[in-house]
Structures are given as C-alpha cells and as structure tokens.
Amino acid sequence: MDAAQRGLRESATFDRATIAGIQHAAASGVYDIRGWGAKRALPHFDDLLFLGASMSRYPLEGYRERCDTDVVLGARHAKYPLHLETPVTIAGMSFGALSGQAKEALGRGAGEVGTSTTTGDGGMTPEERDQSKTLVYQYLPSRYGMNPTDLRKADAIEVVLGQGAKPGGGGMLLGQKISDRVAGMRTLPAGIDQRSACRHPDWTGPDDLAIKILELREITDWEKPIYVKVGATRTYYDVKLAVAAGADVVVVDGMQGGTAATQDVFIEHVGIPTLAAIPQAVQALRELGQHRHGVQLIVSGGIRTGADVAKAMALGADAVAIGTAALIALGDNDPRYAAEYEALGSAAGYYDDFQDGRDPAGITTQDPELSARLDPVRAGKRLVNYLRVLTMEAQTIARACGKSHVQHLEPEDLVALTIEAAAMARVPLAGTDWIPGRER
Amino acid sequence: MDAFMKDGLAGDTITFDLASDPVRALNAELHDPSGKVYEVLHPAGAHAVAAGIDRGITVDVRGHAGYYAAGMNDGGIVTIHGNAGTGVAENMMSGTVRVTGDASQSAGATAHGGLLVIGGSASMRCGISMKGVDIVVGGSVGSMSAFMAQAGRMVVCGDAGDGLGDSIYEARLYVRGTVGTLGADCVEKPMRDEHRAELAELLAAADLDHDPGGFRRYGSARRLYHFTSEHSGSY
C-alpha cells in the first residue's frame, strides 16, 4: 500500500525532494551540484496556443506550398554572415562537460541539416571543428583554450556573459571529469575541481564590451558574426546594451536552459523563464530599430518541440538553440540504461548528475569506456532526425497560420492559457482581448 | 597603398600614421604583412592597435595605446613607447610585448605564452587568469593581480597590491617589494636555487639587473583545488 492509500499526507512545503535535500546537506556539508536546467514548473510555451487560419486568415497547404525555414545570422557587420537552413541551432556545450564522441555527434547532426553547433567553456577540439560545418566559438570569462588560431577557424564568435541556468555564475567542472586532455586544454592540473570565472578578466560593463568586440573584429578582420549571450534576467536592458556594444546577434537563454554542473539553488532560483524573456528582448530590439532587420535574436531554454520553436519565433525570435533536447536525442536518459541509472541512485528520465562523469549513455563523461558507448555517427543521425522533426513541426504550424516562412509567425497568432503566461508573453488570454499589464 | 604610407621596399620600416590611417588598415597589413618591421605613429590611445599579429614581425608604437594593444599576439615583437590601456597583450600566445611606460588594468590577461615587459607599473588585475605567459613589471602592480593565475611566471620589481594571487593555480609569482595582502590560497614559498635561476633569466630578458636574492616567491597552497564546505570562509 502506498503512502497516499494509507492516509499519509505529504507536505507541500517540505515535500520528499526538499527533505532529501536537507538530509543531503546535513550529511555531506556540500550543496547539491547537478546538471540539467530548472526542474520546477514554470510558465512556458505549453501555456500558449496558436490561432490557426480559418475565415479571416488563409492557411497554406501542407506538403505542397512552400514554407521556408532558412535564417541569416550576423549580417549587421560581418563579412561572412551565417546562412542556416533551419532556425534550430545547437547551444554551447563544452568538450569536458561532454565526451568527444558527443561533441562529434552534435557536429555531425547539425552539419547534415545545415545548422550551427557551438563550442563551450574549454576551447575548440580539432574533431569538433572537422565535424561541424558551421561552428560558433564561445568567448568565455575563463578563456580556457582560447587562442587566435581557433578564433580564425570559427564561423562566428559568441561572447558569453552568462547562461540561463546560472546568470551571474561561472562554469564548474568537477575533478572526476578533468582528464589529462581536458586539463591540458584548460591549462589546469588534472583531477581538480575546476571553477571558471563569472566575470570577464579584461572588461567590465557595456562600454568596455564595445571595445572588446572591436578587438575581436580586428583580430578576425571583420569576417565573423559576433554574438553576445546573456542569461535571462534584466533582459530588456541587457539586450539594449549588447546591441549598443556592437553585437550582431543576441542570444537569450532562459532559466530552463541546461548546464553540466551548477548548484541546484542557482538553477532553480536565479533568472527568469524563457517565456518572460523573449518579449523583453524583442521590445529592446524594436526600440532600437533592429528587430528582424539588423540584429538577430536567438532564444534558448526549454525548447523541446516544433511547437516551442514556432512559439519562440512567433514571439519574435529569429532562431532558437537547443542543448538538453539535443543530448536526449543523442541518447541521454535512454531507458535501455535503466538498471545503470538505478545503480547510480537515479532513474532513466531523471538522471541529472552530469557533473559526476559516470553517465551510462557516454555523453556527459570523460570516462573512455563509457564514452565509447556513444557511436558519433549513429547518435548524429538521431540528432538529424530530431532536428528535421522540429523543423517540420514548426513548418506545420506556420502553414496552418498562413505563413510562407516560419519567421512570418507573429504574436497575433498566439493566445495564452493562463493569466501568468499572457502577462509574460504579452499575448491575450485565450478567448479574450486581455493582455495583463497592457491598457485596453 | 593610398590609405597609408609605406617607405621604400620590403625590409625597410613601414610606417602607419594613425592621425590619418585607420587602425583597420594597420591591422589588415599586419595580418598579411608585406614587410617585417613596422612603426606606428600618433596612436593617441587608439584601441586594438597591432591586435592579432600571427608571425614574427616587429612593431614599434610611438605613443600611448588604448585597450587591447597587441591583443592575442602570436609571435610579434611589439614595443609601445608610452603607456598602454586595459588588456595589453591579452591572451598572448607567443612573442614579446614591451611597454616602456605604465599599463592599465588586466595587463597580460589570460595570456598563454610569450613575454610581457612593463617598464613602469601595472594597474589592477595584472596577469589575471594567466595561462603560461611570463610577465615582468619594473614597477608595482595593483590589487587582485594574478587572480586565478593558472600557469606562467610574474615578476614584480616594486610592490604588489591587495589580494595578490587570489585563487591561484600553478603560476609562480616573484615580488621584490611589499605585498599588501595575499589572496585566498596564495602563500609565500621558499626561494630555492631553481627559482633564483629562473628569476635571473626573466630579469635578464627584461633588461633589468636586480639581484634575484632580493625577491620573495608566492604560489598556491592548493587548498582550494577541491570543493568542500570547510573552506567556505576562504572565499
């Protein structure tokens, strides 16, 4: 008989996960560090619905009438902007956090569908460069592995100020994942718990960032688009400042965005939901005359389906980025490793100990035997399938809304199911013309 | 060659006057050089002067440079005859950068290799996150210098400000004068013969003749290499 059948009542305040957290802190004296993103329920894309065409709007025929998905990123200043075939890109994830096989699979998958993949906190590996048709090179506070040769090999440069899982925090990689190769790339002793800086070492504030971006452009002869990535917090102001500093593309990562290793308290309590961040970013770009014309917006944090892609774009994103979903496509949390997840004290569908280096799926590990379980070719193919499904799903919705390009989706195509989502997304509550916070 | 002035044939000094030539023209030439020796006049605090050099050319900058002078230098021999702004020689890979005057914040930040010599003093965060570079400062350095310094060597012939070597990894620091305070996990270490020998080499490379015996050595106690709540008071 389970607890509920016996008449036991779980505390909403002190639920079992909370009790386990207190017990873990008391027993170990260490806060919980884990991977994944925010697990709490948040207002999200699920709280939005599309208004398909009927009488007042004219739909497009599925499978017959064109609905384009390509996107150009970084044409504002760069000599060579990116031209992607799908607006679904792969977010920054490091070699170190991920196995070499996983990075290769991401590059293979992204390349085959004509989208970009991104390095992470730890530098660019030759394998990653070779397997990625379009590679975005992250420029992070730690500058691990940063060098001008790789900078010139990149197709775009992403200056990272923060990420949604931990806006205001630096990276972490625990000792069990610092193999000799990872340590060498980061110029650190093997086996130590590695903490990345949270602030850039040679600039502070938007005025300095403008000069930093100028330097990066000078070093790379103004060839490459420069992105600025922020974790979603004061998004309206951050986007305005990023544009003023010279960004070609702004990446906004909501609090559902994943991480390989961060304090649980940080993941769950810092930042704002993706849904709340997009309209702020779009407002900033509109006021600067850049939306859909000059600076592109990439949104990440909790993108799972083509519906999420379409909703993010309808709210004003030019493209999206996926991280957690891409890892799941590669094979993360696969039920075939159920017994091994259980042995690690977790379960398939729950596994978030990416910091631990013992991933049975061979993705978030540096262990040679575990890594070898992931076939980069087959995993890359799964990612190809998934990216194509996302793209086709977004097209399905766009056609239903009468759009010949997914970028033509607009807020007027959306309604919200909850007052919270209506207020955050700035679209009307379904069946009403009420947008909370806006004068009628 | 209309946009800038070139004196004579390859092998001679090629001169850019930033009073009229844009920095873009200078850097484009330095990235695909037609000569080996360059002179830059009237930098007037321009940013990113001589950034991104990737081979062994020589550049003399006559005057004060702005932010990120010789940024990401990889093999160039760059001398700034004046002061340098924030982030001089940031992320240098190899080569030599000399500043005859003072340097602003974050001199040599994250640099992986090469030699940075500052004749005068350097401001805060000198050598922050250094990853293998050698830095020799003729004067003093400001607070939080060698913060999270990972590898390489820093020599300070004057004094060091507060928080020297905070959260330092494997870099070695030599200071001749006083240290305001040491940062978290940074400790004084004994000077042995091998340290005096490498210090003598670094001083010689910077054309300084101080007695290595007059310096103290600092480095990591390696107590913060693993996360534990027992060290929470250290941060």
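Quick caveat: nothing in here was measured; it's all calculated off a predicted structure. Numbers given to residues run from 1 along each chain, matching the order in which its sequence is written. Working convention: letters from A go to chains and numbers from 1 go to ligands, in the order in which they are written. Local features are withheld for residues below a pLDDT of 70 in this predicted model, meaning they are given only at 70 or higher, and side-chain atom pairs are given and counted only at 80 or more; totals for whole chains, interfaces and linings count all residues.

Colleague: Give me the lowdown on the overall build of chain A, citing residues and values where you can.
Modeller: Numbering of helices and strands starts at the N terminus; helices are DSSP runs of H or I of at least 4 residues and strands are runs of E of at least 2. Secondary structure assignment for chain A yields 15 helices and 16 strands. Between the two quantities, the radius of gyration covers C-alpha atoms and the globule rule is 2.2 Å times the number of residues to the power 0.38. The globule rule puts the C-alpha radius of gyration for 440 residues at 22 Å, and the 22 Å found for chain A is close to it. Over its C-alpha atoms, taken along the principal directions, chain A stretches across nearly 70 × 60 × 45 Å. In this scheme every C-beta is placed from the backbone, and a residue whose C-beta has 20 or more other C-beta atoms within 10 Å is buried, one with 12 or fewer is exposed, and one in between is partly exposed. Out of the 440 residues in chain A, the part that is buried amounts to 57%. Once C-beta atoms have been placed from the backbone, residue pairs whose C-beta atoms lie within 7 Å are recorded as contacts. Partitioning the contacts of chain A with sequence separation of at least 6, the portion at a separation of at least 24 is 66%.

Colleague: An account of the overall build of chain B is requested, with residue identities and associated values reported.
Modeller: Looking only at helices and strands, chain B features two helices and 11 strands. Ordered by position from N to C terminus, the α and β elements of chain B give β-α-β-β-β-β-β-β-β-β-β-α-β. Its C-alpha atoms give chain B a radius of gyration of 19 Å, near enough to 18 Å, the size a compact globule of 235 residues would have. When the backbone C-alpha atoms are referred to their principal axes, chain B occupies close to 65 × 35 × 25 Å. Taking the contacts inside chain B whose residues are at least 6 apart along the sequence as the reference set, 22% of them involve residues at least 24 apart.

Colleague: Now, about unusual backbone geometry: what can you tell me, with residues and values included?
Modeller: Residue and element names in this part refer to chain B. Phi angles above zero are rare outside glycine, and Ala 70 is one such case at about 55°. Looking at where Ala 70 falls in the secondary structure, it is placed in the loop between strand 3 (58-62) and strand 4 (74-81). By the C-beta count within 10 Å, which is 33 here, Ala 70 ends up buried.

Colleague: A description of helix 1 (residues 23-31) of chain B should follow, citing residues and the corresponding values.
Modeller: For an α-helix, 3.6 residues make a turn, and residues three or four places apart therefore share a direction. Of all the positions in helix 1 of chain B, only Val 23, Leu 26, Asn 27, Glu 29 and Leu 30 of chain B are classed as buried. On an axial view of helix 1 of chain B, the arc spanned by its buried residues comes to 160°, and they lie on one face. In this structure, the buried residues of helix 1 of chain B make contact with helix 6 (205-219) of chain A together with strand 1 (13-17), strand 2 (37-41) and strand 3 of chain B. The directions from the helix axis to the C-beta atoms are what the arc is built from.

Colleague: Describe the interface of chain B and chain A, with residues and values.
Modeller: In this assembly, 39 residues from chain B lie in contact with 22 residues from chain A. Broken down by secondary-structure element, the contributors of at least two residues to the side of chain B that touches chain A are helix 1 and strand 7 (131-137) of chain B. Each residue belonging to the side of chain B that touches chain A can be placed in one class, and the counts come to 15 nonpolar, 17 polar and seven charged. Three categories are distinguished: nonpolar for Ala, Val, Leu, Ile, Met, Phe, Trp, Tyr, Cys and Pro, charged for Asp, Glu, Lys and Arg, and polar for the others, with Gly belonging to the last.

Colleague: Before we move on, can you summarise the confidence of the model for chain B with the specific residues and values?
Modeller: All names here are of chain B. pLDDT runs from 0 to 100 and stands for how confident the predictor is about each residue. In the predicted model, chain B carries a mean pLDDT of 94, and the fraction of residues at 70 or more is 92%. Every residue in residues 1-8 scores below 50 in pLDDT, and together they form 13 contacts with partners more than four places removed in sequence or on other chains. Per the prediction output, this complex has pTM 0.95; the corresponding ipTM is 0.94.

Colleague: Give a detailed account of the nonpolar core, specifying residues and quantitative values.
Modeller: Buried Ala, Val, Leu, Ile, Met, Phe, Trp, Tyr and Cys residues whose C-beta atoms connect them within 7 Å together make up a nonpolar core. In terms of nonpolar packing, the biggest core is built from 204 residues, with Val 250 and Val 320 of chain A together with Val 49, Ala 50, Leu 116 and Val 155 of chain B touching the most fellow members. Not counting the four nearest positions on each side in its chain, Val 155 of chain B is found in contact with Ile 135, Val 136, Val 137, Tyr 174, Leu 199, Leu 202 and Leu 203 of chain B.

Colleague: I'd like to hear about the environment of Leu 164 of chain B, residue by residue, with values.
Modeller: All names here are of chain B. For Leu 164, the position within the fold is in the loop between strand 8 (151-156) and strand 9 (172-175). Owing to 29 C-beta atoms within 10 Å, Leu 164 belongs among the buried residues under this scheme. Look past the residues within four positions of Leu 164 in its chain and what remains in contact with it is Ser 145, Ala 146, Leu 173, Val 179, Leu 182, Gly 183, Cys 186 and Tyr 218.

Colleague: Please set out the packing of helix 2 (residues 100-113) of chain A against helix 14 (residues 376-400) of chain A residue by residue, giving values where relevant.
Modeller: Residue and element names in this part refer to chain A. Angles shown run from 0 to 180 degrees and are taken between the N-to-C directions of axes, each axis being a line fitted to C-alpha atoms and, for helices, limited to the stretch in contact. Where helix 2 meets helix 14, the closest approach of the two axes is 7 Å, and the angle between their N-to-C directions is 45°. Taken as axis vectors, helix 2 and helix 14 run oblique relative to one another. By crossing handedness, the relation of helix 2 to helix 14 is classed as right-handed. Mapping the contact onto sequence places Gln 101, Glu 104, Ala 105, Leu 106, Arg 108, Gly 109, Glu 112 and Val 113 in helix 2 and Pro 376, Val 377, Ala 379, Gly 380, Leu 383, Val 384, Leu 387 and Arg 388 in helix 14. Classifying every residue of the contact of helix 2 with helix 14 by side-chain character gives nine nonpolar, three polar and four charged. Roughly parallel means an angle under 35 degrees; roughly antiparallel, over 145; roughly perpendicular, 65 to 115; everything else is oblique. Two helices crossing with the near one rotated counterclockwise from the far one by less than a right angle form a left-handed crossing, whereas a clockwise rotation gives a right-handed crossing.

Colleague: Which residues make up the sheet that holds strand 1 of chain B, and what values do they have?
Modeller: All names here are of chain B. Any two strands are treated as partners once DSSP identifies two or more bridges connecting them. In space, the 11 strands of this open sheet follow the order 1-2-3-4-5-6-7-8-9-11-10, with mixed pairing throughout. Strands at the two margins of the open sheet, each flanked by one partner only, are strand 1 and strand 10 (186-189). Going across the sheet, the axis of each strand differs from the next one's by a mean of 15°, ignoring polarity. Its contacts with the sheet place helix 2 (residues 193-205) against strand 6 (115-118), strand 7, strand 8, strand 9 and strand 11 (216-220), and it is angled at close to 70° to strand 8.

Colleague: Account for the sheet that holds strand 12 (residues 249-253) of chain A, with residues named and values stated.
Modeller: Residue and element names in this part refer to chain A. With parallel pairing, the eight strands of this open sheet are ordered in space as 5-15-14-12-11-8-7-6. Every interior strand has two partners, whereas the edge strands, strand 5 (88-90) and strand 6 (116-118), have only one. With direction set aside, neighbouring strand axes in the sheet form an average angle of 30°. Alignment of strand 7 (residues 134-139) against strand 8 (residues 156-160), held across four bridges, turns out to be parallel. Opposite Tyr 139, over in strand 8, you have Val 159 as the bridge partner.

Colleague: Hey, could you go over the packing of helix 10 (residues 306-314) of chain A against helix 14 of chain A for me, with residue numbers and the actual values?
Modeller: Residues and elements named next belong to chain A. Close contact between helix 10 and helix 14 brings their axes to 7 Å; oriented N to C, the two are set at 55°. Relative to helix 14, helix 10 is oriented oblique. The crossing of helix 10 and helix 14 is right-handed. Contacts between helix 10 and helix 14 involve Gly 306, Ala 307, Val 309 and Ala 310 from the first element and Val 389, Leu 390, Thr 391, Met 392, Glu 393, Ala 394, Thr 396, Ile 397 and Ala 398 from the second.

Colleague: Describe the pairing of strand 6 of chain B, listing the residues and the values that go with them.
Modeller: The side chains of a regular strand alternate between both faces of the sheet. Residue and element names in this part refer to chain B. On strand 6, burial covers both faces: Leu 115 and Val 117 on one face and Leu 116 and Ile 118 on the other are all buried. Strand direction decides the pairing type here: strand 6 and strand 7, joined by four bridges, are parallel. Residue pairing in the sheet places Leu 116 in a bridge with Ile 135 of strand 7.

Colleague: Residue-level account of the pairing of strand 11 (residues 226-231) of chain A, with values.
Modeller: All names here are of chain A. Among the six residues in strand 11, six count as buried, and that is most of the element. Side chains of strand 11 alternate between two faces, with Ile 226, Val 228 and Val 230 and Tyr 227, Lys 229 and Gly 231 buried alike. Sheet topology note: the strand 11/strand 12 ladder contains five bridges and is parallel. Looking across to strand 12, one finds that Lys 229 is bridged to Val 251. Between the parallel pair strand 11 and strand 12, the chain is carried across by helix 7 (residues 235-244), and the sense of this crossover is right-handed. When the strands point away from the viewer, a crossover counts as right-handed if the route from the first strand across the helix to the second turns clockwise.

Colleague: Tell me about the environment of Gly 191 of chain A, residues and numbers included.
Modeller: Residue and element names in this part refer to chain A. Along the polypeptide, Gly 191 turns up in the loop between helix 5 (180-186) and strand 10 (194-195). Using a count of 16 C-beta atoms within 10 Å as the deciding quantity, one classes Gly 191 as partly exposed. A sequence separation of 177 residues divides Gly 191 from Phe 14, and the C-alpha atoms of the two residues are 36 Å apart. When sequence neighbours within four positions are dropped, the list of residues in contact with Gly 191 reads Gly 175 and Ile 178.

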